[in-house]
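# Coordinates in review
The chain contents come next:
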Amino acid sequence: MASPPCGNLDSGLEIKTRSVEQTLIPLVSQITTLINHKERPRKSERTLVAIQRVGQAVSVAVGRFVAVGEAIALEHHELKDEMGHACFEARRAGDTIAQLTDPGPVCVVPSPSVTVFSDRSGMVKAARLLLSSVTKVLVLADRIVIKQIVASRNKVLVTLEHLECVSTFQDFVHIFSQFGNEMVDFAHLTGDRQNDLKDERKKARMAAARAVLEKCTMMLLTASKTCLRHPDCESARINKDAVFQRMRCALEQVVDIVTEARGCSETVLPASICDAVKDYKTSVESLRDKLAASPSEGVGRRLEALVERTEDFTDSPYTGHQQRQAILALCQLARQDARQLLHAWTQAQSLQAKETSEELEVAIAKSCQSVNDLRRELHKVAVGRASELLRMHAEHSPLRALKAAGAEGNPEAVAQYSRTLNEQKEQLVENCRLLCHVCGTEPLEITCVHAQETFHVIGPQIVSAAQTLALHPSSKIAKENLDVFCEAWESQLADVALLLREIDDVLEGKRGDKRAYLSLPRTGKHAANTKSAKPVKLDAEEQSDVAKVGLELRLLSSDVDAELEKWEEQEQQVVRHSQSVASMAYNMYLFTRGEGLLKTTLDLFRQAEVLLLVLSEEGLQLCSSLQIFSTQLVGDEKSALMSKVEKLLVLCQQLQVGARTPVQGKSATFQKVDSSIQTTRSMLTLILNILPACKPNAKSKSERSSLDSPQDWRPNTSTPVRDGEDILNNDGNRHDEFAVKAFEQHLAGLNLLESN
């Protein structure tokens, strides 16, 4: 029997992507089966054949895998030596496993002398080497992906240099077309890489960098056009330079993430309150195991570190007096509980207690509860302030005033409203800094830092764009440029609203938990009318349009969930019906992102039909309940409720007719998808308006109202797609093109400049 191979391959290879991890799972499963097989001196013919079959399957699979690795080595000479060595070791280990599992000629009647796995240690060594060498091959292949991203970035940078130096519109059209194609390729590569990363922090950083590129690509187009149209305008040049600089920084950040450049692989996050609370609670709870240890100042030191971080809240000029006093009082209470804890711990030590006393347990519980209360109060302050800022912006947006002042050619008014915008920017930046303290997870902290940087950068860019428009009030290009920057600001505000929801979910322990209502009918059961329909793939522009409305479905379904959580009687028919509708709407939202169970337009139509069947089955009971409730109302209240119910029934009928109407062709399919989502959005909006009127005895959960994210600040227009949330083709390929498709309309009209 062959001796097991040995090698000097890396034993601590770090697997950083999900694709490598998933590729190794079948191999690990087979090898584990071999190693863990019971060692018996005698084995039946069937057992011997099964073991031999597994060993041969591993060997054959490794052989095919190695052939691919060797082909890669031939194409990439820089990896030839490493890849060749890893492939050689993998093939040798696979052959050894096949030999170790081969019992030789199988007898008809098993003989006591027929044994297998007599060299178990050899099998273990061969398995280890095989896993190590195969992992090495996969990691080397992953370097090629990294190399492709870097090469794509370099191409974009070169074209960006040419684009920055262009002096004529004709040259700009040609170079920007090339730039758009290169950005599409870069978007594909980085989007796939973002999804493949295992480290959630790196995924968050990648999402932030790609969000900057998405916004800046559109800004680059309009800022460059404005600068070309008004070459002597200083504010236009400043506006353009800032966009180019930010794009370069984002491109470098992407490459730093994928290459793990030294000093750049991790974002330096500010010390947060949540981290300090975790450290303090860990120190407090460890006192149970330190009854025999010498006195330690760790508890007091960690508490003071926690209190010191609360100064960001108490020193903030935007923290109210009552909020500041509440924070200081909770800090004082935490200190008091810590002193009592240390006193109880000292007493337990003096009595040489071997187990934690009841007094010490009570003191530990009180200390943990006091810092939890402090964290919740800080959370309420930060989230409440952010919600207030979002509402203020919706009611008194300086952007509208800036646009109007610029269009009127009034530089003085632009300067005045620019100061107002700058004040709002400072408040948003400060609030994002406070939100970082209460996020609870590092990915959300990274998102907060990204929002903080975005507000800090886009604010001055809006001002420079407005100044340009004020100097050239009749310039359509300058007006378009200001609109783009204002839209980017609004988009970031929409992202902050979603961020607040996610921060609330972390605090309440339900992050990523979307309730599913299994009482709904199966999608395939009621799809008889859709047999003739065929799944259709929408292109990037159509997916982008659908995604904008789809994001509103997510917001509205979350609003419905939040409203229903306030109901004490969760079994009411109104509650169950509304929960079902919200759940179905959330599935439609996942469809717009290429996720979830809905993968094709046919799936979406079937889901819509199921939704309608649910509505038709429960509709009469819902209407009956609403009619009974309406008898308690009089006058305008009763009329308003019944009017909303009638509108809801009309929308249900529209959705039912639309879902069951067969369509042919891509254009008709897109219209049907868009119509279905739009109708569902209207239904959710109506349900949100109806629910409060149907809840006479409901009681809000404690502290819920202070933590709710704003719902009334959003404009009636379509909510921008959240940065970093990419749209997938239904075949699973990344199709986030940084909105390049939308630029074609602008490119088509670049030569049609206004005469002024």
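Residues numbered from 1 in each chain as written. Predicted model: local features only at pLDDT ≥ 70, side-chain atom pairs only at ≥ 80, totals over all residues. Heavy atoms only, no water.

## Concerning the overall build of the protein
Within the protein one finds 23 helices and zero strands. When the 756 residues of the protein are sorted by exposure, 50% land in the buried category. For the protein, the share of sequence-separated contacts (at least 6 apart) that also reach a separation of at least 24 residues comes to 82%. As displayed, the protein offers around 35,900 Å² of accessible surface, 51% of which is attributable to carbon and sulfur atoms. (Helix = DSSP H or I, 4+ residues; strand = E, 2+ residues; numbered from the N terminus. Buried < 20%, exposed > 50% of the residue type's maximum accessible area, 1.4 Å probe, protein only. Contact = heavy atoms within 4.5 Å. Areas by Shrake-Rupley, 256 points an atom, 1.4 Å probe, with all protein chains shown as cover.)

## Quick word on the pattern of salt bridges
Throughout the structure, instances matching the rule amount to 25 salt bridges. Arg201 is paired through a salt bridge with Asp199; the nearest N and O atoms lie 3.1 Å apart. Of the charged contacts, one joins Arg237 and Asp241 as a salt bridge, the two residues approaching to 2.7 Å between their closest N and O atoms. Residue Arg237 and its partner Asp241 are located together in helix α7 (residues 234–259), separated by four residues, close to a single helical turn. With relative accessibility at 35%, the residue Arg237 sits in the partly exposed group. When salt bridges with common partners are traced through the structure, they connect Lys16, Lys202 and Glu260 into a single cluster. (Salt bridge = Lys/Arg side-chain N within 4 Å of Asp/Glu carboxyl O.)

## Things to note about the packing of aromatic side chains
Inspection of the entire model under this criterion finds three aromatic pairs. Ring geometry for Phe172 versus Phe176: centroids 5.6 Å apart, planes at 25 degrees, classification stacked. You can see Phe172 and its partner Phe176 sitting in helix α5 (residues 169–196), four residues apart, about one turn around the helix. The same class applies to Phe172 and to Phe176, which are both buried. With centroids separated by 5.7 Å and ring planes inclined at 40 degrees, the aromatic side chains of Phe176 and Phe179 adopt a geometry described as tilted. Of this pair, Phe176 and Phe179 both sit in helix α5, separated by three residues, roughly a single helical turn. Side by side, Phe176 and Phe179 carry an identical accessibility label, which is buried. Through a chain of ring-to-ring contacts, the aromatic side chains of Phe172, Phe176 and Phe179 assemble into a single cluster. (Phe/Tyr/Trp six-rings, centres within 6.5 Å; stacked < 30°, edge-to-face > 60°.)

## A short note on the packing of helix α6 (residues 200–229) against helix α16 (residues 476–507)
Axis separation between α6 and α16 bottoms out at 8 Å; the angle between their running directions is 160 degrees. What the angle tells us is that α6 and α16 run roughly antiparallel. With respect to the hand of their crossing, α6 and α16 are arranged in left-handed fashion. Across from Lys215, Met218, Met219, Thr222, Ala223, Lys225, Thr226 and Arg229 in α6, the residues of α16 making contact are Ile477, Ala478, Glu480, Asn481, Val484, Phe485, Ala488, Ser491, Gln492 and Asp495. Its residues assigned to classes, the contact of α6 with α16 shows eight nonpolar, five polar and five charged. (Axes fitted to C-alpha atoms, helices over the stretch in contact; angles between N-to-C directions. Parallel < 35°, antiparallel > 145°, perpendicular 65-115°, else oblique. Left-handed = near helix turned anticlockwise from the far one by under 90°. Nonpolar A, V, L, I, M, F, W, Y, C, P; charged D, E, K, R; others polar.)

## With respect to the confidence of the model for the protein
Taken as a whole, the protein shows an average pLDDT of 75; of its residues, 69% reach a score of 70 or greater. In this model, residues 512–535 is a region of pLDDT below 50 whose contacts with residues beyond four sequence positions or in other chains number 36 contacts. (pLDDT = per-residue confidence, 0-100.)

## Here's the deal with α6
Its 30 residues place the ends of α6 44 Å apart at the C-alpha level, agreeing with the 44 Å of an ideal helix rising 1.5 Å per residue. With respect to burial, α6 is a largely interior element, 28 of its 30 residues being buried. (Expected span 1.5 Å × (residues − 1).)

## Quick look at α7
The end-to-end C-alpha distance of α7 is 38 Å, a good match for the 38 Å that 26 residues give at a rise of 1.5 Å each. The positive-phi residue at the C-terminal boundary of α7 is Glu260, with phi of around 55 degrees.

## Digging into the side chain of His437
By secondary structure assignment, the location of His437 is in helix α14 (residues 411–438). Owing to a relative accessible area of 5%, His437 belongs among the buried residues under this scheme. Here the side chain of His437 touches Ile273 through a polar contact of 3.1 Å, landing on its backbone nitrogen. If we skip the residues at most four places from it in the chain, His437 touches Ala271, Ser272, Ile273, Cys274, Arg309, Asp312 and Phe313. (Polar contact = N/O pair within 3.5 Å; in protein donor to acceptor, adjacent residues only side chain to side chain.)

## Describing the state of the cysteines
Tallying each qualifying case throughout the model produces zero disulfides. In this structure Cys274 is a free cysteine whose sulfur lies 7.4 Å from that of Cys439, the closest cysteine sulfur available. Given the relative accessible area of 2%, Cys274 is considered buried. (Disulfide = S-S within 2.5 Å.)

## Let's talk about the packing of helix α8 (residues 273–285) against helix α9 (residues 298–309)
Two elements in contact, α8 and α9, have axes separated by 9 Å at closest approach and are oriented at 165 degrees. In terms of orientation, α8 and α9 fall into the roughly antiparallel class. Handedness of the α8/α9 crossing: left-handed. Touching Ile273, Asp275, Ala276, Val277, Asp279, Tyr280, Ser283 and Val284 of α8 are Gly298, Val299, Arg302, Leu303, Leu306 and Arg309, all from α9. The residue inventory of the contact of α8 with α9, partitioned by class, reads eight nonpolar, two polar and four charged.

## As for the environment of His85
Counting through the fold element by element, His85 comes out in helix α3 (residues 80–100). In sequence terms His85 and Ser133 are 48 residues apart; their C-alpha atoms lie 8.6 Å from each other.

## Notes on the environment of Lys278
You can see Lys278 is positioned in helix α8. For Lys278, a relative accessible area of 44% gives the class partly exposed.

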